[in-house]
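Chain by chain, the residues:
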Amino acid sequence: MADSGYMVSLSTLICKEDETCFDVQEAEEEEEEEEEEEENAKAMLCEEDSDEYVEMLLNRESCFCSATPDAASGKSVNSARSDAVRWILRTKALFGFSMKTAYVAVIYLDHFFMHRTTDSIKGKSWAIRLLSVACLSLAVKMEERKVPALSEFRTEDYRFDAEAIQRMELLVLGTLEWRMSMVTPFSYLSHFASKLQQHASEGVLWKAIKLVFASIEVMNLVDYRASVIAAAAVLAASDEGLTQTSVKSKMSTVSSCRSLDTDHVFSCYSLLIQETQKEKLKTSKGLAPPDHSVADGLSVDSSVDTDGTISFVVASSKRRRLQ
Amino acid sequence: MGDGRSGGGGVNRPAWLQQYDLVGKIGEGTYGLVFLARTSLRKCCIAIKKFKQSKEGDGVSPTAIREIMLLRETCHENVVKLVNVHINHVDMSLYLAFDYAEYDLYEIIRHHREKLNHSINQYTVKSLLWQLLNGLNYLHSNWIIHRDLKPSNILVMGDGEEHGVVKIADFGLARIYQAPLKPLYENGVVVTIWYRAPELLLGAKHYTSAVDMWAVGCIFAELLTLKPLFQGVEAKATPNPFQLDQLDKIFKVLGHPTPERWPTLVNLPYWQNDQQHIQGHKYDNHGLHNFVTVPQKSPAYDLLSKMLEYDPRKRITAAQALEHEYFRMDPLPGRNALVPSQPGEKIVNYPARPVDTTADFEGTVAVQPSQPVSSGNAASGNIAAASVAPSRSMPRAMHVVGMQRMPNTGMSTFNVAPQAGIGAPSSGNIPIPRGAAVQAHQQQLRRKDPSMGMQNPGYPQQKRRF
């Protein structure tokens, strides 16, 4: 691979250009976007916050989660995941998908990682990218009114044909055993906010949503139950200085929160606070988000074997980037 | 494809099908094809639904994902049971394997109307209705709306341990709803128009579980009279045209809706803009009692009119309907809806589902199903799978990997059975209710014995107590 160095550096350059473009665009539209996002987020919040409905959600949730924070946290922080999450968030913004869609896509991603060893895709950034595309595409099919054709999901670094994406979709569906209906923290926010706070306001809800998304890159969504994340986000949105004891006492006052593990809530709360502080630091220093991994353009074909192993064949190692 | 397997035509059957003996094609719809097969090992009958390939470049179809997801989350005696999901990796098509049900309400009603010329006995009507409501109550408790209930989607098990048990099938249009009042993101046509609720016909965008109850009311009337209650002629122009004729049929029977009886009526788009002058049209000589054969003062009539309540907010719910007086009086509903109600009464032998044995598994033989299609019924021929099996056992998981003479097939089997909630009855354990299922599970426990209706639901006796 004599030319690989050249290819990589070229791609890096191109991608940097892309990112700069993104940043400029983002800066220009940031305010507008924020408003739009807030509107969008309100739609995502569940109007239904009856105890009965929350009870039903809690029950459903308990059937999904088996991982404990400690068991999975080692795997959770890896660059492959961060890269995938960043791509999902970027693409969400590009298409104007809802925040819930992006969140659900990340849940799929984390469930996939939980069920499968990442060895088969470790170090293969194209495989991670393909997985990100499949997770987002599935989330869009579950959540969005309009579903774009698979070919519209462009990635900066690879080109996947529709068949490769569909195979990955099937692998994800099979791995998740087709249980694609996910409970998200957003369904709980209104309910918890009204119970955990004396003065519940929409501002708090929006802040809670932002806290969750600020941490999504480092927080593995199978580590915490959706209800735990929701409770932690509501608490973090209203008070940044809570101790384990104060979290515990606040939780004990709400009947629907009693089933939640307060240690988990506090651990998640701390994570949310820590990530926002990092974020604040970053923005105040004007740092751009870290560069994502790049490689030369590959056309990737894939197949999923019956035993679930993924085999991908790189059909052509060189293809000119078209844009 | 880069996986080293060459693509295959429609000649070879997928390798996983070797665990089944194909009998033939039993149905065809917009979703795809349904086949009847027997498991090679246990000779259980299985209905296999093959999803039509999604449009090139769209990936796995959203309809398939939603239907499978919903079926994965449901476990109830009166809801069709998904046994397996198979993926044919050659063309990435999806096959769903269900327990096979020999009958459906469409065929049962037709048999009485066209062959027997007499009504369905009251015990059978009541048992079918009770079980339909029982299944629907479970779905609604789990925040699932079916949205396409019609006689051909209500299956009834043939001979075997579950003989005469109702199974709600075809979840292609079903949705989990987030909250009762939230709009479901859906624009296409929903629900065969004869069973479509008036609020939908008038342009309501918000679906509630009440749309299913309207359909149940229509089905109840059809069970009593053997003919569809509101046989509107479907307008087929734009994607979702205004169905004036269907509304006209309803108003002729139930009278004109009024804002007094139905306050939110005035907010419904088609009522509001009144382009077809539906507001001013006069309907007289109405009255449900002129169209159904039950006495106006009877509990059956009372229940039916509560299901056909115009205002979806006032319409009876499945849970309320199950508690209705109609089900507490003789004859009491039972688990086997098809047994004679009185000793000595003649057993009705319903015709078995016609099977087109000439069709191969790919459905490439373009032969019409031998099933007669009765005129004007949009529901005919739209059979959706499911049911019977002399024992409740199901095929084991088989990971059939590209077999000898099937070099082109790489099928993977996803066996649903061992997953909690969908129920692994062979284990003898009470299936862990799948998340949302808990509420309904509890409701069910009140009604049934604690084995939760899997192996021994024991509900005829228990139920007969009320």
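Residues numbered from 1 in each chain as written. Chains lettered and ligands numbered in written order. Predicted model: local features only at pLDDT ≥ 70, side-chain atom pairs only at ≥ 80, totals over all residues.

If you look chain B up in an unreviewed UniProt entry, it shows as Protein kinase domain-containing protein from Musa balbisiana. In its Sequence similarities (unreviewed entry) section, the UniProt record describing chain B reads: "Belongs to the protein kinase superfamily. CMGC Ser/Thr protein kinase family. CDC2/CDKX subfamily." (UniProt positions renumbered as here; feature names shortened; annotations may be inferred.)

With that settled, consider the overall build of chain B. In terms of regular secondary structure, chain B is built from 11 helices and 11 strands. Counting across all 466 residues of chain B, residues that qualify as buried make up 49%. Restricting the contact set of chain B to residue pairs at least 6 apart, pairs at least 24 apart contribute 69%. (Helix = DSSP H or I, 4+ residues; strand = E, 2+ residues; numbered from the N terminus. Buried ≥ 20, exposed ≤ 12 C-beta atoms within 10 Å, placed from the backbone. Contact = placed C-beta atoms within 7 Å.)

What follows covers the overall build of chain A. Looking only at helices and strands, chain A has 12 helices and three strands in total. Looking at chain A as a whole, 44% of its 323 residues qualify as buried.

Those places that UniProt annotates as "binding site: ATP" (unreviewed entry) correspond, in this numbering, to K50 of chain B. Looking at where K50 of chain B falls in the secondary structure, it is placed in strand β3 (residues 45–51).

So, on to the confidence of the model for chain A. Residue and element names in this part refer to chain A. Looking at chain A as a whole, its pLDDT mean stands at 72, while 63% of the residues score no less than 70. Scored below 50 in pLDDT, residues 1–26 makes 15 contacts in the model with residues more than four places away or belonging to other chains. Long-range and interchain partners of residues 66–77, a stretch whose pLDDT sits below 50, account for 19 contacts in this model, where long-range means more than four residues apart. (pLDDT = per-residue confidence, 0-100.)

With that settled, consider helix α2 (residues 105–116) of chain B. Residues and elements named next belong to chain B. Among all positions in α2, only L105, Y106, E107, I108, I109 and R110 are buried. The inward-facing, buried residues of α2 abut β6 (103–104), α3 (122–141), β8 (154–156) and α5 (210–225). Just downstream of α2 lies N117, where phi reads positive at about 55°.

The subject of this paragraph is the sheet that holds strand β9 (residues 166–168) of chain B. Two pairing modes exist for strands in a sheet, parallel and antiparallel, and in both the strands are linked by backbone hydrogen bonds. Residues and elements named next belong to chain B. Strands sit in the order β6-β8-β9 across an open sheet of three strands; the sheet is antiparallel. The two strands at the open ends of the sheet, each matched to only one other strand, are β6 and β9. Inspection of the sheet shows β8 paired to β9 by three bridges, in the antiparallel sense. Across the sheet, the residue bridging to L155 is K167, located in β9. Packed onto the sheet, α3 meets β8 and β9 and runs at close to 40° relative to β9. (Pairing = 2+ DSSP bridges. Axes fitted to C-alpha atoms, helices over the stretch in contact; angles between N-to-C directions.)

For the bond running from D330 of chain B to P331 of chain B, omega is -10°, close enough to zero to count as cis. Considering the arrangement of structural elements, one finds P331 of chain B in the loop between α9 (318–322) and β11 (411–415). Located in the positive-phi region is E177 of chain A, a residue other than glycine, with phi close to 55°. The topology assignment puts E177 of chain A in the loop between α7 (162–175) and α8 (186–196). By the C-beta count within 10 Å, which is 19 here, E177 of chain A ends up partly exposed. You will see that W143 of chain B, though not glycine, has its phi angle at about 60°, which is positive.

With that settled, consider the nonpolar core. Where a protein is soluble and globular, its nonpolar side chains tend to be buried together. Counting 199 residues, the largest nonpolar core has Y108, C135, A231, A232, A233 and V234 of chain A together with I46 of chain B as the members making the most contacts within it. A per-element tally of this core places helix α6 (residues 125–143) of chain A first, with 13 residues. Not counting chain neighbours up to four residues away, the residues in contact with Y108 of chain A comprise C135, L138, A139, V172 and L176 of chain A. (Core = buried A, V, L, I, M, F, W, Y, C linked by C-beta atoms within 7 Å.)

With 20 residues, α3 of chain B should cover 28 Å at 1.5 Å per step; its first-to-last C-alpha distance of 28 Å lies within 8% of that length. Taking burial as the measure, the 20 residues of α3 of chain B include 19 buried ones, the bulk of the element. (Expected span 1.5 Å × (residues − 1).)

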